[in-house]
Amino acid sequence: MTIPMIQLADGNVIPAVGYGTAGTKGNVGTQAITAAIHNGYRHIDTAYNYENEGAVGQAIKRSGVAREKLFITSKLPGRYHEHDKAIEAIQESLYRADLDYFDLYLIHWPNPKRELYVEAWQALLDAQRFGLIRSVGVSNFLPEHLEKIDQETGVLPVINQIELHPLLSQKEQRAFNAKHNILIEAWSPLGGTGSKNHQTILKNPDLVTLAKKYHKNVGQIILRWEYQLGVLPLPLSRNSERQASNLAI
């Protein structure tokens, strides 16, 4: 299966669908991530706070797919927004995953009570200059946070990863990010596995009707809708068959 690629504002390219790994740990997690790679995923999204960067690194080794054919993302936790601590955390993430670089590294959230996200952003820019990361982005940033880092550093992220699904379409956020050439990634693109939102979405009568019309499941209809919005979805499933269907959009 060939996954379309999206060109980022910095010139790098990223697979148009990724695999989310939140809550996927240990050997079971490694098996699920390895299965995702075997099912065709080339974009794997992890985070320091997920405590599974080691499992991601092990899955890469088990998969047999060359590192340069994979796109690996991780994220900086809010407690490490001081510049030197951020650099150390990025290095630690790389050690855990046994990688030389991340294709993308994000500030996990702005942690506005501490007001250090501009310092964290500068650390990511420095880590990019050092060769530790290739593209830099953010997660859960609102327009005012993006405007502030632009004012302070003159550099905007290439990606903003936010919650987005049919019950939270983020119209204003999408418009702002599109205006500034920032690609949106959707976490919980299906409303969150096992959550009330997820169950509500899967039973939505309009989506069920569309799924029957196009001979797809509801999850595929949603992921295709997000893709056509210009959003990069990050579905999460430990089931190999579901992983494959989430990619077949």
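Above this text sits the structure in question.
Residues numbered from 1 in each chain as written. Predicted model: local features only at pLDDT ≥ 70, side-chain atom pairs only at ≥ 80, totals over all residues. Heavy atoms only, no water.

A. Geometry of the packing of helix 3 (residues 83-97) against helix 4 (residues 117-130). Running from N to C, helix 3 and helix 4 point in directions that differ by 50°, and their axes come no closer than 8 Å. In terms of axis orientation, helix 3 runs oblique to helix 4. The handedness of the crossing between helix 3 and helix 4 comes out as right-handed. Facing helix 3, whose interface residues are H83, A86, I87 and I90, helix 4 presents E119, Q122, A123, L124, D126, A127 and F130. (Axes fitted to C-alpha atoms, helices over the stretch in contact; angles between N-to-C directions. Helix = DSSP H or I, 4+ residues; strand = E, 2+ residues; numbered from the N terminus. Parallel < 35°, antiparallel > 145°, perpendicular 65-115°, else oblique. Left-handed = near helix turned anticlockwise from the far one by under 90°. Contact = heavy atoms within 4.5 Å.)

B. Local environment of the side chain of E53. Within the fold, E53 resides in helix 2 (residues 53-63). Look past the residues within four positions of E53 in its chain and what remains in contact with it is T46, A47, Y48, S74, S93, R96, A97 and F102.

C. Quick look at the pairing of strand 7 (residues 133-139). Counting buried residues in strand 7 gives 6 out of 7 residues, a clear majority hidden from the surface. As paired strands, strand 6 (residues 102-107) and strand 7 are joined by 5 bridges and run parallel to one another. Paired with L104 across the two strands is S135, which belongs to strand 7. In the classification by handedness, the crossover that spans strand 6, the intervening helix 4 and the parallel strand 7 is right-handed. Bridging between strand 7 and strand 8 (residues 159-163) involves 2 bridges; their strand directions are parallel. Considered in strand 8, the bridge of V138 is made with N160. The parallel pair strand 7 and strand 8, bridged by helix 5 (residues 143-153), forms a crossover whose chirality is right-handed. (Buried < 20%, exposed > 50% of the residue type's maximum accessible area, 1.4 Å probe, protein only. Pairing = 2+ DSSP bridges. Right-handed = clockwise from strand over helix to strand, strands pointing away.)

D. A look at the layout of surface pockets. If you add up the space inside the second largest pocket, you get close to 250 Å³. Lining the second largest pocket are 16 residues, with M5, P15, K69, L70 and F71 sitting closest to its centre. Those elements giving two or more residues to the lining of the second largest pocket turn out to be strand 2 (13-15) and strand 7. In terms of residue class, the lining of the second largest pocket is built from 7 nonpolar, 4 polar and 5 charged. (1 Å grid on protein atoms, 1.4 Å probe; cavity = no way out; pocket = protein on both sides within 12 Å on 5 of 7 lines; lining within 4 Å. Points joined across faces, edges and corners; volume = space filled by probe spheres on them. Nonpolar A, V, L, I, M, F, W, Y, C, P; charged D, E, K, R; others polar.)

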